[in-house]
Amino acid sequence: DEVTRDQVMAYVTDCRHRGQAESSTKRRLGAMGAVVNRYYQDFDITRRNPFSRVPLIDATASIEDRVPLDEAQVAALDEYLLASTHLRPRTLALLWLVRSSTLGPSEAGGLMADDVVLDHEVPHVIVRPNEIRRLKVKSRRRVFPLVGRALEYAEFLPSKTFSSNSTSAALNKHLRKAVELRPRQSAYSLRHRMRDRLYAAGASNDQARYLMGHAARSAHDRYGSNSPRLNELAVIVRAAL
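Residues numbered from 1 in each chain as written. Predicted model: local features only at pLDDT ≥ 70, side-chain atom pairs only at ≥ 80, totals over all residues. Heavy atoms only, no water.

Enquirer: Got a minute to help me understand the confidence of the model for the protein chain in this structure?
Expert: Should pLDDT be low for a region, the predicted coordinates there are not to be read in detail. Counting all residues, the mean pLDDT for the protein chain is 88, and 91% of those residues have values of 70 or more. A low-confidence stretch, residues 218–225 (pLDDT under 50), is modelled with 3 contacts involving residues beyond four sequence positions or located in other chains. (pLDDT = per-residue confidence, 0-100. Contact = heavy atoms within 4.5 Å.)

Enquirer: Before we go on, may I ask you to explain the nonpolar core in this structure?
Expert: Soluble globular proteins tend to bury their nonpolar side chains together. Formed by 42 residues in total, the largest nonpolar core has its most connected members in Leu81, Leu97, Leu103, Val125, Leu157 and Leu198. Of all the secondary structure elements, the ones that give two or more residues to this core are α3 (71–83), α4 (89–99), β2 (124–127), α7 (164–178), α8 (189–200), α9 (205–212) and α10 (230–240). In this structure, valine 125 is in contact with Leu103, Leu111, Asp115, Val116, Arg142, Val143, Phe144, Leu146 and Leu157, ignoring residues within four places of it in sequence. Within the second largest apolar cluster, 7 residues are counted, among which are Val12, Leu29, Tyr40 and Val54. (Core = buried A, V, L, I, M, F, W, Y, C linked by side-chain atoms within 4.5 Å. Buried < 20%, exposed > 50% of the residue type's maximum accessible area, 1.4 Å probe, protein only. Helix = DSSP H or I, 4+ residues; strand = E, 2+ residues; numbered from the N terminus.)

Enquirer: Looking at this structure, I do not really get helix α2 (residues 22–42). What am I missing?
Expert: Every α-helical turn comprises 3.6 residues, leaving residues that sit three or four positions apart pointing alike. The first and last C-alpha atoms of α2 sit 30 Å apart over 21 residues, in line with the 30 Å expected at 1.5 Å per residue. All of the buried residues in α2 are Glu22, Ser23, Ser24, Thr25, Leu29, Gly33, Val36 and Tyr40. In this structure, the buried residues of α2 make contact with α1 (5–17). Following α2 by one or two positions, aspartate 44 adopts a phi angle in the positive range, close to 55 degrees. (Expected span 1.5 Å × (residues − 1).)

Enquirer: Would you take a moment to explain the side chain of threonine 167 for this structure?
Expert: Within the element layout of this structure, threonine 167 appears in helix α7. Given a relative accessible area of 9%, threonine 167 falls into the buried group. Polar contacts involving the side chain of threonine 167 include one to the main-chain carbonyl oxygen of serine 163, which spans 2.9 Å. Residues contacting threonine 167, with those up to four places away along its chain left out, are Leu94, Pro105, Gly109 and Phe162. (Polar contact = N/O pair within 3.5 Å; in protein donor to acceptor, adjacent residues only side chain to side chain.)

Enquirer: Any chance you could explain the pattern of salt bridges here in plain terms?
Expert: Side chains bearing opposite charge may pair, as long as their charged atoms lie close to each other. Applying the stated criterion to the full structure yields 12 salt bridges. For glutamate 71, the salt bridge goes to arginine 193, with nearest N and O atoms at 2.9 Å. Residue glutamate 71 is located in helix α3, and its partner arginine 193 is located in helix α8; the two are separated by 122 residues in the primary sequence. The network of salt bridges with shared partners includes Glu107, Arg140 and Arg142. (Salt bridge = Lys/Arg side-chain N within 4 Å of Asp/Glu carboxyl O.)

Enquirer: What should I look at first to understand the sheet that holds strand β3 (residues 142–145) in this one?
Expert: Within a sheet, adjacent strands bond to each other through the backbone by hydrogen bonds, running parallel or antiparallel. The sheet built from 3 strands is open, its strands ordered β1-β2-β3 with antiparallel pairing. The strands lining the two open edges of the sheet, one partner per strand, are β1 (116–117) and β3. The sheet contact formed by β1 and β2 spans 2 bridges and is antiparallel. Of the residues in β2, the one forming a bridge with valine 117 is histidine 124. (Pairing = 2+ DSSP bridges.)

Enquirer: Mind showing me how you'd approach the packing of α1 against α2 here?
Expert: Packed helices, taken two at a time, are described by the angle their axes make and the gap between the axes. Where α1 meets α2, the axes come as close as 10 Å, and the angle between the chain directions of the two elements is 150 degrees. One way to sum up the angle between α1 and α2 is to call them roughly antiparallel. Where α1 crosses over α2, the handedness of that crossing is right-handed. When α1 is examined against α2, the residues Val8, Tyr11, Val12, Cys15 and Arg16 are found in contact with a partner set consisting of Glu22, Thr25, Arg28 and Leu29. (Axes fitted to C-alpha atoms, helices over the stretch in contact; angles between N-to-C directions. Parallel < 35°, antiparallel > 145°, perpendicular 65-115°, else oblique. Left-handed = near helix turned anticlockwise from the far one by under 90°.)

Enquirer: Mind showing me how you'd approach unusual backbone geometry here?
Expert: A negative phi angle is the norm for most residues apart from glycine, just as the trans form is the norm for most peptide bonds. The phi torsion at aspartate 44 lies on the positive side, around 55 degrees, for a residue other than glycine. Given a relative accessible area of 71%, aspartate 44 falls into the exposed group. The phi angle at arginine 184 is positive, at roughly 70 degrees, despite the residue not being glycine. Within the secondary structure, arginine 184 sits in the loop between α7 and α8.

Pasting the structure below:
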């Protein structure tokens, strides 16, 4: 009841001063607006929602919202991880997996024991909803081959508890220690980099979309198998590293 339009606009101004993308501010205003709308509805209140129709500058989300890490930054991250003796094995496992795959921090941190398959011709992780986390969209279900250092530390990946915010915060903390980040770069930027690396390694559109967990673009894309062979994917991922 006490939130005013002026306070909302002051929040928007603060977000800009902190360098937050307008699209991120828009998402947060939308979430708060939904809460207030529900409150007004439940208590039969007729009042303008202070979070509605807030003027923003170019708030449309785009691929530029997250900038991929470049090769020099990834080399610095690798050096940091290889030299780190103070990191817990699970932290190392998560960092290597995010660095070596298309899994975002939440997907990597929310793996349970059954989701990490090491006794297989092609060791892999299964990205799917489980007891400790959900997936953002259905298309993000996928199997991702484990190669390189991600495989070396894979036994430490399974968890019985999970917090998306704390996982992202922990990975970003170590990433900032290892790399001088530019604006709009975070641990999630490694996922964006891997998309570029997959195509550079010769991945087909079907293989890249599957590994990224992106939905098919048209009805034509949905014909045939939507799960490329795991051993072929492993070759592509290994080349992308």
